[in-house]
Amino acid sequence: MKALKVDHIGIAVKDLEASISFYRDILGLEMAGSEVVEEQKVKVAFFPVGDTEVELLESTSEDGPIAKFIEKNGEGIQHIAFKVENIEEAIEYMLSKGMKMIDEKPRYGAGGAKIAFVHPKSSNRVLVELSERK
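Residues numbered from 1 in each chain as written. Predicted model: local features only at pLDDT ≥ 70, side-chain atom pairs only at ≥ 80, totals over all residues. Heavy atoms only, no water.

Peer 1: Can you walk me through the environment of valine 118 in this structure?
Peer 2: With respect to the element layout, valine 118 can be found in strand E7 (residues 114–118). Valine 118 sits in the buried class, given a relative accessible area of 2%. Separated by 12 residues in the primary sequence, valine 118 and leucine 130 place their C-alpha atoms 7.6 Å from one another. Not counting residues within four places of it along the chain, the set of residues in contact with valine 118 comprises Met94, Lys100, Met101, Ile102, Ser123, Leu127, Val128 and Leu130. (Helix = DSSP H or I, 4+ residues; strand = E, 2+ residues; numbered from the N terminus. Buried < 20%, exposed > 50% of the residue type's maximum accessible area, 1.4 Å probe, protein only. Contact = heavy atoms within 4.5 Å.)

Structure (structure tokens):
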């Protein structure tokens with residue numbers, strides 16, 4: 001397995017519209033769209049920056065993972081995602097190296113990606129996402 005690039009950086013926010021304003025109006029980035037990912041209880045806005053993206057993540061539920069993250073840590077960087085060629089092979093590789101995985105099978109992520117998260121206990125307390133996009 002090889003990480004091909006930083007796919008995106010996920011930033012947990014309380015108020016998506018207010019955060020969009022900063023990235024669009026202050027930084028001058030163009031928003032590429034937004035979507036709700038029901039399975040993850042999150043609304044996502046996408047801002048391409050060069051060959052990667054900034055993803056703003058607002059929880060759609062008080063018990064969602066982003067809401068829990070903000071409650072514990074406050075707003076800020078929640079995860080970093082690396083693009084991989086084959087998500088299933090990447091998961092197997094991580095497991096073979098003794099990495100603890102949150103997802104041992106891929107799941108649906110924003111933007112049509114297949115994703116899996118490496119547990120922060122295996123990655124120096126950083127939530128790492130593996131992402132396969134076609």
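Peer 1: I'm lost on unusual backbone geometry in this one. Help?
Peer 2: Negative phi is the rule for most residues except glycine; trans is the rule for most peptide bonds. With phi around 55°, asparagine 124 is a residue other than glycine that occupies positive phi space. By the element assignment, asparagine 124 lies in the loop between E7 and strand E8 (128–132). Take asparagine 124: its relative accessible area is 74%, and that puts it in the exposed class. The phi angle at arginine 125 is positive, at roughly 70°, despite the residue not being glycine. Along the polypeptide, arginine 125 turns up in the loop between E7 and E8. Taking relative accessible area as the criterion, arginine 125 reaches 78% and is therefore assigned exposed.

Peer 1: What is the right way to read the pairing of strand E2 (residues 33–37) from this model?
Peer 2: Working note: regular strand, side chains alternate between the two faces of the sheet. Here E2 runs beside strand E3 (residues 42–49); their pairing, made up of five bridges, is antiparallel. Its bridge partner being in E3, valine 37 is matched across the sheet by valine 42. Counting the residues in the hairpin turn of E2 and E3 gives four residues, including lysine 41, whose phi is positive at 55°. (Pairing = 2+ DSSP bridges.)

Peer 1: Is there a simple way to think about the packing of aromatic side chains in this case?
Peer 2: For any pair of aromatic rings, the description consists of the separation of the ring centres together with the inter-plane angle of the planes. Per the stated rule, a full pass over the model turns up two aromatic pairs. Both rings, one in phenylalanine 22 and one in tyrosine 23, keep their centres 5.1 Å apart while their planes meet at 90°; by these two values the pair is edge-to-face. Phenylalanine 22 sits in the partly exposed class, given a relative accessible area of 39%. Clustering of aromatic rings is evident, with ring pairs tying together Phe22, Tyr23 and Phe47. (Phe/Tyr/Trp six-rings, centres within 6.5 Å; stacked < 30°, edge-to-face > 60°.)

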